[in-house]
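Fold and geometry: a report
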Amino acid sequence: MSRLGHLGGRLYRGEVSIDFVGKQKLWYLISGLILVISIVSLSTLGLNRGIEFKGGSVFQFKAPTSTSTSDVRSTIKDAGVVHDDPIVQSTSTGWRVQTESLDSAGVAKVQQAVTQKYGLRSASDVAVQTVGASWGADVSKKAFQGLMIFMLLVVAYLWIAFEAKMALAAVIALAHDILITVGVYSLVQFEVTPGSVVGLLTILGYSLYDTVVVFDKVRENTRGLGPGSARTYSEAANLAVNQTLVRSINTSFIALLPVAGLLFIGAGLLQAGTLKDLSLVLFVGMIAGAYSSICIATPLLADFKEREPKMKALRARLAARESSPKRLARSRKRGEVAAEASSGGTLAGVAVDDEDADESEADKPASAGAPRKVIQRGPRQQPIRGSRRSRGKK
């Protein structure tokens, strides 16, 4: 078995545990800082919306290899019909320039300026695509509606399959993933296109899948949790996260490999601009989704459940039992035995109680103070073979 598989087995059995739920304040702080950066970026830089969302005109053409971005931008502005700075991108097939919406006369002037500047054969060598602002607004509206319908379906499914608090925690984690992904788009100023929206819905489904896997294990571990339980809800939920941790890591890593190839090789090295729209949203969203399902959704669920009176009573009872004098004395004795064993001393004459062997049995009030029955086992009695009966024969 591999080292990761061995570690996964120990995590599943509870021999090794990472306290994800207990460190929820750290995760909340990290997520809060990232969300603040994302919100500030969205309010200041905004999103670089593509032509499909805000409308405009797009010009595509080939130019000499010595051409620079600033040179192309000045050529477009010199046509005298563009007021805002055009968005200039270098692609594998040439140059792509996006401007505000232009009428037919403005488009012709830009084509003529580009043809004269770079020595093209005719104006038809400059491909033009024009999208109206109303069509772009309609696309934005439909994308928002699709996102809202998706979120409502998520809430309904989790409410029916699990419970209301799980649905609420999952929706908060999904909103967390959306804000982080959109914030990264704002920071790097990648163009937002319909492909980006499709990728966003894809990673939300991926994030939801990971969250449902963890929540299903949480439900299994917390089923029947009551006054006689040996764990709090938070401890049982943390065990579920550890039991599914290796699976989440493996799934996320394998899924990120092809996406990283699209982003860094396809969009980065090969300059395939069309891959940027899909690859960045998938890469950022998958990382955010894996993080939120472990460090956000489950700690939030534990916080919600720990506010219930039943879980408060369970936590108080376990805390009182841990702080009892008898338990503290036994813990101190175990510490002394461990210290003597580590120093190479003898353990002769030191008795250690084997309590905690079964926490559920220790919680039963009927067993408190009751004398234990001692069964003495002696040597096994073999049947005695008697002598022959006298048959009375004379």
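Just above sits the structure.
Residues numbered from 1 in each chain as written. Predicted model: local features only at pLDDT ≥ 70, side-chain atom pairs only at ≥ 80, totals over all residues. Heavy atoms only, no water.

Turning next to the environment of glutamine 111. Relative to the elements of secondary structure, glutamine 111 occurs in helix α5 (residues 104-118). Under the relative-accessibility criterion, glutamine 111 is labelled buried at 15%. Between the alpha carbons of glutamine 111 and glutamine 60 there is a distance of 9.9 Å; along the sequence they are 51 residues apart. Those residues within four positions of glutamine 111 in sequence are excluded, and the remaining contacts are Phe59, Ala123, Val126 and Val128. (Helix = DSSP H or I, 4+ residues; strand = E, 2+ residues; numbered from the N terminus. Buried < 20%, exposed > 50% of the residue type's maximum accessible area, 1.4 Å probe, protein only. Contact = heavy atoms within 4.5 Å.)

Another aspect to go through is the pattern of salt bridges. Within the structure shown, the criterion is met by eight salt bridges. A salt bridge links aspartate 71 to lysine 117, with the nearest nitrogen and oxygen atoms 3.8 Å apart. Pair noted here: aspartate 71 is in helix α4 (residues 69-77) and lysine 117 is in helix α5, with a separation of 46 residues, a long-range link. Accessibility expressed as a relative area gives 46% for lysine 117, which makes it partly exposed. With its nearest N and O atoms 2.9 Å apart, the salt bridge here joins arginine 219 to aspartate 216. Of this pair, arginine 219 and aspartate 216 both sit in helix α8 (residues 194-222), three residues apart, which is roughly one turn of the helix. Accessibility expressed as a relative area gives 32% for arginine 219, which makes it partly exposed. Using a relative accessible area of 35% as the deciding quantity, one classes aspartate 216 as partly exposed. Because the salt bridges share partners, they merge into one network encompassing Glu163, Lys165, Lys305 and Glu308. (Salt bridge = Lys/Arg side-chain N within 4 Å of Asp/Glu carboxyl O.)

Angle between the axes and distance between the axes are the two parameters that describe a pair of packed helices. Between α4 and α5, the shortest axis-to-axis distance is 9 Å and the interhelical angle comes to 135°. Relative to α5, the element α4 lies oblique. Where α4 crosses over α5, the two elements pack in a sense that is right-handed. Mapping the contact onto sequence places Asp71, Val72, Thr75 and Ile76 in α4 and Val110, Ala113, Val114, Lys117 and Tyr118 in α5. Here the residues of the contact of α4 with α5 are counted per class, giving six nonpolar, one polar and two charged. (Axes fitted to C-alpha atoms, helices over the stretch in contact; angles between N-to-C directions. Parallel < 35°, antiparallel > 145°, perpendicular 65-115°, else oblique. Left-handed = near helix turned anticlockwise from the far one by under 90°. Nonpolar A, V, L, I, M, F, W, Y, C, P; charged D, E, K, R; others polar.)

Taken as a whole and assessed by the stated rule, the structure comprises three aromatic pairs. Ring centres of tyrosine 185 and phenylalanine 190 lie 6.3 Å apart, and the angle between their planes is 90°; on these two criteria the pair is classed as edge-to-face. We classify tyrosine 185 as buried; its relative accessible area is 4%. (Phe/Tyr/Trp six-rings, centres within 6.5 Å; stacked < 30°, edge-to-face > 60°.)

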